[in-house]
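Working through the structure, step by step
What follows is each chain in one-letter form.
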Amino acid sequence: MAENSNNKRRDFLQLSTVTIGAVGTAAFIWPFLKSMNPAEDTIALGTTEVDVSQIEEGQSITVKWRGKPVFIRKRTKDEIDEAKTVNMSDLKDPEEDIDRVKKDEWLVLVGVCTHLGCVPLGQKLTDSKGEYNGWYCPCHGSHYDTSGRIRKGPAPENLAVPPYSFLNDTTIKIG
Amino acid sequence: MSGNSEPRKYKNPVLNWIEFRLPIISYFEKEYGDYPMPKNCNYFWSFGALATITLVTMIVSGIFLAMNYTPHTEMAFDSVERIMRDVNYGWLLRYIHSNGAAFFFIIVYIHIVRGMYYGSYKYPRELNWILGVFIYLLMMATSFLGYTLPWGQMSYWGATVITNLFSAIPFIGEGLKTWLLGDYTVGNATLNRFFALHYVLPFVIFGIVGLHVAAVHVHGSNNPAGIDIRSKNDTVNFFPYMLIKDTIAVCVFGVLISAVIFFGPNLMAEVDNYIPADPLVTPAHIVPNWYLAPFYAILRAVPDKLGGVALMFGAIAILFVLPWLDTSKVRSCNFRPMYKWFMMLFFVNFFVLGYVGMLPAEGLYLLIARVGLVYYFGFFLIITPFIGWIEKPKTLPASISDVYLGGGKDSPLTASQKEIY
């Protein structure tokens with residue numbers, strides 16, 4: 001009887017020692033792991049204002065926002081029609097064109113392929129625009145349409161739309 | 001007074017003094033002097049020593065390069081160019097280091113091929129094999145981190161593509177990627193930590209190499225016949241026989257690597273990496289280092305992001321369980337008439353995967369990569385266990401000495417041999 005209660009005491013002491021030790025170790029490791037996350041100055045949201053008055057219909061520009069390229073494209077009538085008439089069941093990541101733009105002619109996208117992070121081609125007039133007349137990622141062959149939606153290839157999602165707003169008719173603020 | 005006299009094992013009193021306090025002299029005598037090596041070991045058994053020497057060369061050349069390198073996005077590329085143009089013998093240090101990395105992989109691949117063909121991974125050397133796969137994994141990580149440091153276009157976009165692999169993991173992927181990068185894209189925080197890790201990992205590798213060598217010395221080295229040592233007649237001492245043999249291998253290796261360092265230092269380099277990193281322009285064709293290309297081919301062969309990443313990591317992970325996938329008791333492929341050919345085809349297949357991994361993933365290349373992917377996993381998961389069951393191995397020699405007396409040919413088993421196997 002005495003031995004039994006002694007064993008229980010032993011078990012309790014062992015368990016509580018290990019638990020306290022584990023908690024202490026975890027608490028010690030946490031700041032080290034956390035230090036590897038983006039620092040405060042990195043997180044501080046950058047905003048970029050872009051003057052788009054010089055962009056002609058059918059032209060695109062690339063601006064840098066939080067270290068990433070952002071595509072701003074003034075779409076042609078044909079491109080807008082193409083984007084709007086797509087059957088949702090043909091899309092890998094179904095999203096209406098209307099949900100991806102604030103004004104029909106202006107398409108603003110984060111120019112980073114959702115597969116493995118390359119910058120898709122299609123910004124320059126001489127670039128390949130892929131089979132859907134939007135963008136084409138040369139790294140692993142993803143095709144995006146005129147709304148920046150993934151149509152063919154390994155990328156799982158549409159090109160992201162960054163948070164942006166129109167300050168006036170010719171100025172876009174990204175971020 | 002009388003208890004103070006120290007044992008006199010060696011003639012040199014200094015050695016005795018050390019030995020009495022730290023028995024390191026007798027340890028080296030045992031492990032590197034009298035250590036018995038099977039006498040039938042061929043030059044494939046020199047690649048472990050070659051790999052160790054290359055690792056030390058990489059660490060030394062790396063330390064001296066680090067004295068002149070600046071891990072900052074604005075200065076990294078220029079500091080590497082300065083090493084090439086202005087630092088005394090900087091060009092030599094860098095070409096030793098960059099080509100040394102490639103040769104390190106060549107050596108380790110031959111070392112792995114040796115281990116697979118002669119069945120060195122089997123009982124009782126499974127843990128040894130596992131430690132080796134860990135070393136291989138750490139080597140791949142280290143070379144990837146190091147490739148980022150020159151901050152050229154291939155550095156930047158290679159780092160982007162590889163770290164994006166982690167974003168394929170459901171739920172935690174995106175957060176994990178950001179944590180690894182320390183930023184939302186590959187940036188200065190990334191370059192800094194990659195440099196820190198690239199500096200420290202080789203020392204971790206060195207430690208595991210120590211365990212790897214200690215583990216193989218427990219049961220002794222395997223040999224081309226794949227049979228156990230039975231008597232002193234089966235072995236020669238490491239010193240001087242194997243040391244001399246390894247020294248010849250090192251000389252030949254030195255000639256080969258020098259030829260590349262001095263006459264073709266950029267043979268295995270990508271020209272795009274001499275263009276400074278530009279986060280807004282992706283090179284038309286991102287090429288991994290050739291020694292990682294087979295796994296890159298597997299990644300691209302799968303039309304699904306998560307699936308590709310899973311199979312790529314799976315292709316490495318499956319190596320860990322090879323000792324348990326192989327159902328045959330016979331180690332050496334010399335005595336396995338069927339498995340031998342599948343093994344050879346596996347090596348060719350790996351080479352082909354590497355080749356298509358460096359070409360665009362489309363059309364015929366993509367098809368070849370898919371066939372190669374199927375064979376890679378088929379070899380481990382189906383062929384290796386299955387052949388072990390149905391194959392009738394050739395007669396093994398009774399002992400290593402017997403190899404030289406004509407044993408191990410297709411003679412019927414003697415009674416004593418049957419007893420052994």
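Before reading on, note that the structure itself is shown above.
A few points on the structure. (Residues numbered from 1 in each chain as written. Chains lettered and ligands numbered in written order. Predicted model: local features only at pLDDT ≥ 70, side-chain atom pairs only at ≥ 80, totals over all residues. Heavy atoms only, no water.)

Some words on the overall build of chain A
- What chain A contains, in helices and strands, is three helices and nine strands.
- Radius of gyration (C-alpha) of chain A: 26 Å, far over the 16 Å computed for a compact globule of 175 residues.
- Along the three orthogonal principal directions, the C-alpha set of chain A runs to about 90 × 35 × 30 Å.
- Burial status across chain A gives 38% buried among its 175 residues. (Helix = DSSP H or I, 4+ residues; strand = E, 2+ residues; numbered from the N terminus. Rg over C-alpha atoms; globule rule 2.2 N^0.38 Å. Buried < 20%, exposed > 50% of the residue type's maximum accessible area, 1.4 Å probe, protein only.)

Here we look at the pairing of strand β2 (residues 60-65) of chain A
Residues and elements named next belong to chain A.
- In the sheet, β2 pairs with strand β3 (residues 68-74) via six bridges, with the strands oriented antiparallel. The residue of β3 that forms the bridge with Ile 61 is Ile 72.
- Between β2 and β3, which pair antiparallel in sequence order, lie two residues; one of them, Arg 66, sits at a positive phi of approximately 50 degrees. (Pairing = 2+ DSSP bridges.)

Describing the sheet that holds strand β5 (residues 135-137) of chain A
Residues and elements named next belong to chain A.
- Strand order in the open sheet formed by three strands is β5-β6-β7, with antiparallel pairing between adjacent strands. Of all strands in the sheet, those with a lone pairing partner are β5 and β7 (150-152), marking the two edges. Averaged over all pairs of adjacent strands, the angle between strand axes in this sheet comes to 30 degrees, irrespective of strand direction.
- Relative to strand β6 (residues 142-144), β5 runs antiparallel, the two sharing three bridges. Residue pairing across strands places Tyr 136 opposite His 143, the latter belonging to β6. (Axes fitted to C-alpha atoms, helices over the stretch in contact; angles between N-to-C directions.)

Points about the interface of chain B and chain A
- Residue-level contacts link 24 residues of chain B with 25 residues of chain A.
- With both sides pooled, the region where chain B packs onto chain A buries about 2,100 Å², and carbon together with sulfur makes up 63% of that total.
- Our count for the chain B to chain A interface comes out at zero salt bridges.
- Summed over the shared surface of chain B and chain A, the number is seven residue pairs in polar contact (both at pLDDT 80 or more).
- Residues that form the side of chain B that touches chain A fall into these classes: 13 nonpolar, six polar and five charged. (Contact = heavy atoms within 4.5 Å. Buried area = accessible area lost by both parts, 1.4 Å probe. Salt bridge = Lys/Arg side-chain N within 4 Å of Asp/Glu carboxyl O. Polar contact = N/O pair within 3.5 Å; in protein donor to acceptor, adjacent residues only side chain to side chain. Nonpolar A, V, L, I, M, F, W, Y, C, P; charged D, E, K, R; others polar.)

What to know about the state of the cysteines
- Going through the model one piece at a time under the given rule, you end up with one disulfide over all chains.
- Here B:Cys251 is not disulfide-linked; the sulfur of B:Cys41 is the nearest cysteine sulfur, at 20 Å. (Disulfide = S-S within 2.5 Å.)

Observations regarding empty space enclosed by the protein
Residue and element names in this part refer to chain B.
- Applying the stated criterion across every chain yields a total of two cavities of 30 Å³ or more.
- Here the largest cavity is characterised by a volume of approximately 950 Å³.
- Contributing to the lining of the largest cavity are 44 residues, with His 97, Ser 98, Gly 146, Tyr 147 and His 198 lying nearest its centre.
- Elements with a minimum of two residues in the lining of the largest cavity: α3 (47-66), α4 (76-85), α5 (90-117), α6 (126-148) and α9 (188-219).
- Counted by class, the lining of the largest cavity contains 30 nonpolar, eleven polar and three charged residues.
- Put simply, the second largest cavity is a space of about 40 Å³.
- Lining the second largest cavity, in full, are Ala 297, Arg 300, Ala 301, Val 356, Gly 357, Pro 360, Ala 361, Tyr 365, Leu 366 and Ala 369.
- Put simply, the parts of the chain that give the lining of the second largest cavity at least two residues each are α11 (293-301), α14 (339-357) and α15 (363-390).
- A breakdown of the residues in the lining of the second largest cavity according to their chemical character gives eight nonpolar, one polar and one charged. (1 Å grid on protein atoms, 1.4 Å probe; cavity = no way out; pocket = protein on both sides within 12 Å on 5 of 7 lines; lining within 4 Å. Points joined across faces, edges and corners; volume = space filled by probe spheres on them.)

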